[in-house]
Amino acid sequence: METSPLRTIRPAVAGDAPRIAEIYNQGIAERGATFETAPRTAAEMSRRLDEDAERYPLLVVEDGGALVGWAAIGPYRPRACYAGIGEFSIYLDRSARGRGLGRLLLAELIRAAARRGYWKLVSRIFPSNAASLALCRACGCREVGRYEKHARLDGRWLDVVIVERLIPENQPDALGG
């Protein structure tokens with residue numbers, strides 16, 4: 001895991017659930033990163049932590065001892081042929097944005113995915129979320145398309161940009177091996 005005197009990235013634990021919910025709820029309220037509209041509770045986030053953490057990690061970043069962000073991998077599709085693809089999310093407290101913490105956190109999540117055998121991570125991002133798109137590009141993701149009118153948020157149809165991050169070390173056939 002990534003650590004420095006002031007910054008630590010580690011797997012989330014049950015006691016982190018209230019703060020994870022609080023950070024997620026900022027993203028929900030801001031309407032810039034998710035189609036979700038109902039705030040999440042600590043109990044809901046705690047249940048997420050109780051899921052298969054070995055397969056679907058949820059990492060947190062601390063800065064100066066304060067939990068200021070989280071990133072997670074979740075299932076992509078239930079079919080066995082997609083078992084090596086995970087869908088990722090990342091949320092930072094508004095006070096922690098623009099300080100490089102998202103890049104550290106996403107890079108560690110990609111390493112965690114590689115260790116678990118994932119060959120690809122994907123996400124969907126609002127086109128208006130320039131910071132998230134830039135973060136994904138900085139961590140090796142590429143934009144592969146756009147879903148038009150993917151869902152409605154507050155009565156408005158919104159598109160999403162589809163990003164993917166290949167994990168070549170887990171694609172031996174793609175490397176000629």
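What this report covers is the structure whose coordinates are included nearby. Since the structure is predicted, the reported quantities are computational estimates derived from the model, not experimental observations. All residue numbers refer to positions counted from 1 along the written sequence of the respective chain. Note on the predicted model: pLDDT of at least 70 is required for a residue's local features to be given, and 80 or more for side-chain atom pairs to be given and counted; whole-chain, interface and lining totals, by contrast, use all residues. Side-chain metrics rest on all non-hydrogen atoms present in the structure, leaving aside hydrogens and water.

### Topic: the overall build of the protein
Note on conventions: DSSP H or I runs of at least 4 residues are helices, E runs of at least 2 residues are strands, and numbering of each starts at the N terminus. Secondary structure summary: the protein contains four helices and seven strands in total. When the helices and strands of the protein are placed in sequence order, the string is β-α-α-β-β-β-α-β-α-β-β. Throughout, radius of gyration means the C-alpha value; the globule benchmark is 2.2 Å times the number of residues raised to the power 0.38. In terms of overall dimensions, the protein is globule-like: its C-alpha atoms have a radius of gyration of 16 Å, near the 16 Å expected for 177 residues. The rule is simple: take the accessible area with a 1.4 Å probe, protein chains only, and divide by the maximum for that residue type; under 20% is buried, over 50% is exposed, in between is partly exposed. The 177 residues of the protein split such that 41% are buried. When the accessible area of the protein is evaluated, it comes to approximately 9,200 Å², of which 52% is carbon and sulfur surface. Under the counting rule used here, the positive set is Lys and Arg, the negative set is Asp and Glu, and His together with the chain ends is not counted. In plain terms, the charge of a residue is placed at NZ if it is Lys, CZ if Arg, CG if Asp and CD if Glu. Distance from the positive charge centre (26 side chains) to the negative charge centre (22 side chains) of the protein: 4 Å. For every accessible area listed, the method is Shrake-Rupley and the probe measures 1.4 Å; residues are considered covered only by the protein chains on display.

### Let's talk about the environment of Gly15
Looking at where Gly15 falls in the secondary structure, it is placed in the loop between strand E1 (7-11) and helix H1 (17-30). Sequence separation between Gly15 and Asp93 is 78 residues; the distance between their C-alpha atoms is 17 Å.

### Some thoughts on the pairing of strand E3 (residues 66-75)
Burial runs high along E3: eight of the ten residues are buried. Two strands are said to pair when DSSP picks up at least two bridges between them. Judged from the six bridges that link them, strand E2 (residues 58-63) and E3 form a sheet pairing that is antiparallel. Bridged to Leu59 within E3 is Ala71. Where E2 folds back on E3, the antiparallel hairpin that results is connected by two residues, among which Gly64 adopts a positive phi of roughly 60 degrees. Two elements, E3 and strand E4 (residues 85-92), share seven bridges in a ladder whose sense is antiparallel. Within E4, the position partnered with Gly74 by the bridge is Glu87.

### Concerning the pattern of salt bridges
By definition, a salt bridge exists where a carboxyl oxygen of Asp or Glu is found within 4 Å of a side-chain nitrogen of Lys or Arg. Scanning the entire structure with this criterion turns up 19 salt bridges. Note that Glu44 and Arg40 form a salt bridge whose closest N and O atoms lie 3.9 Å from each other. The exposure class of Glu44 is partly exposed, given its relative accessible area of 28%. Of the charged contacts, one joins Glu164 and Lys120 as a salt bridge, the two residues approaching to 3.0 Å between their closest N and O atoms. With Glu164 in strand E7 (residues 156-166) and Lys120 in strand E5 (residues 120-125), this residue pair connects regions lying 44 residues apart in the sequence. Several salt bridges share partner residues, and in doing so they unite Arg7, Asp63 and Arg99 into one network.

### A look at the packing of aromatic side chains
For Phe, Tyr and Trp, where Trp contributes only its six-membered ring, two rings pair if their centres lie within 6.5 Å, and the inter-plane angle classes them as stacked under 30 degrees, edge-to-face over 60, or tilted in between. Enumeration according to the criterion identifies five aromatic pairs in this entry. An angle of 65 degrees between the planes, with centres 4.8 Å apart, marks the rings of Tyr24 and Tyr91 as edge-to-face. Taken together, the residues Tyr24 in helix H1 and Tyr91 in strand E4 connect sequence positions 67 residues apart. Of the residues examined, Tyr24 reaches a relative accessible area of 10% and is grouped as buried.

### Brief notes about the sheet that holds E4
If you walk across this open sheet you meet the seven strands as E1-E2-E3-E4-E5-E7-E6, and the pairing is mixed. Every other strand in the sheet has two partners, leaving E1 and strand E6 (142-153) as the edge strands with one partner each. Within this sheet the neighbouring strands show an average axis-to-axis angle of 25 degrees, counted without direction. Two strands pair when backbone bridges link them, and E5 and E7 are joined in this way by six bridges, in the antiparallel orientation. Bridging from a neighbouring strand, Lys120 pairs with Leu166 of E7. Note on geometry: axes are C-alpha line fits, over the in-contact stretch for helices, and angles between N-to-C directions span 0 to 180 degrees.

### Let's talk about the nonpolar core
Remark: nonpolar core denotes a set of buried residues (Ala, Val, Leu, Ile, Met, Phe, Trp, Tyr, Cys) joined through side-chain atoms within 4.5 Å. In terms of nonpolar packing, the biggest core is built from 28 residues, with Phe88, Leu105, Leu106 and Val163 touching the most fellow members. Elements represented by at least two residues in this core include exactly E2, E3, E4, helix H3 (101-115), E5, helix H4 (130-138) and E7. When residues in this core are grouped by element, the largest group, seven residues, is from H3. Leaving out residues up to four positions away in the same chain, Phe88 has contacts with Ala72, Ile73, Leu106, Leu109, Leu121, Val122, Ser123, Cys136, Cys141 and Val163. One finds Ile23, Tyr24, Met45 and Trp70 within the second-largest nonpolar core, a separate group that totals 15 residues. Any two residues having at least one pair of non-hydrogen atoms within 4.5 Å are treated as being in contact.

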